[in-house]
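Chain by chain, the residues run as shown.
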Amino acid sequence: MVDWEKVVFDSPPLLKGITSETIASNAQVILPHYPCHSQDVERNIKDVSAVCGTVNGHDSRHSVINQTKKPRLDLRTVETKADFLR
């Protein structure tokens, strides 16, 4: 069981610069833009979900995900048709 009295909680990175008083006062807060539905995010969710079903342990999962992502980073990118034809 978890002893919740001894657990140290840290605020999420998105709320690091915002005080508790600001949040409690219901004041409008401008948050930084974080892409959450980009193609890259969706691809990472798919990769992590697939690996979690087959590999146990944080280090093993991390290494398998890195092995999956490295070949994608090595591929050249094509931004326009002119780049494709070269």
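Residues numbered from 1 in each chain as written. Predicted model: local features only at pLDDT ≥ 70, side-chain atom pairs only at ≥ 80, totals over all residues. Heavy atoms only, no water.

Q: If you had to explain the overall build of the protein to someone new, which residues and values would you point to?
A: On a plain count of helices and strands, the protein comes out with four helices and zero strands. A compact globule built from 86 residues would reach a C-alpha radius of gyration of about 12 Å, whereas the protein, at 20 Å, exceeds it by more than 25%. Considering only C-alpha atoms, the protein reaches an extent of 60 × 40 × 15 Å along its principal axes. When the 86 residues of the protein are sorted by exposure, 6% land in the buried category. Positive and negative charge centroids in the protein, built from 11 and 11 side chains respectively, lie 11 Å apart. (Helix = DSSP H or I, 4+ residues; strand = E, 2+ residues; numbered from the N terminus. Rg over C-alpha atoms; globule rule 2.2 N^0.38 Å. Buried < 20%, exposed > 50% of the residue type's maximum accessible area, 1.4 Å probe, protein only. Lys, Arg positive; Asp, Glu negative; His and termini not counted. Charge placed at Lys NZ, Arg CZ, Asp CG, Glu CD.)

Q: Provide a residue-level description of a nonpolar patch on the surface, including the pertinent values.
A: On the surface, a nonpolar cluster with roughly 450 Å² of combined accessible area is contributed by V2, W4, V7 and F9. Along the polypeptide, V7 turns up in the segment before α1 (20-24). (Patch = residues over 30% accessible without salt bridge, like charges linked within 9 Å, V, L, I, M, F, W, Y side chains within 5 Å. Areas by Shrake-Rupley, 256 points an atom, 1.4 Å probe, with all protein chains shown as cover. Salt bridge = Lys/Arg side-chain N within 4 Å of Asp/Glu carboxyl O.)

Q: Residues and numbers for the environment of H62, please.
A: Positionally, H62 belongs in helix α3 (residues 58-74). Looking at H62, the relative accessible area reads 44%, which means it is partly exposed.

Q: An account of the packing of aromatic side chains is needed here, citing residue identities and associated values.
A: Where two aromatic rings form a pair, the distance of their centres and the angle of their planes describe that pair. Applying the stated criterion to the full structure yields one aromatic pair. Seen from their ring centres, W4 and F9 are 6.1 Å apart, and the 5° between their planes marks the pair as stacked. Of the two residues, W4 and F9, both sit in the exposed class. (Phe/Tyr/Trp six-rings, centres within 6.5 Å; stacked < 30°, edge-to-face > 60°.)

Q: Hey, could you go over the pattern of salt bridges for me, with residue numbers and the actual values?
A: Counted under the stated rule, the structure contains two salt bridges. Residue K6 is joined to D3 by a salt bridge in which the shortest nitrogen-to-oxygen separation is 3.9 Å. A residue is classified by how much of its surface remains accessible, and K6, at 67% relative accessible area, is exposed. For D40, the salt bridge is made with R43, and the minimal N-O distance between the two is 3.6 Å.

The analysis is restricted to geometry; functional conclusions fall outside its scope.
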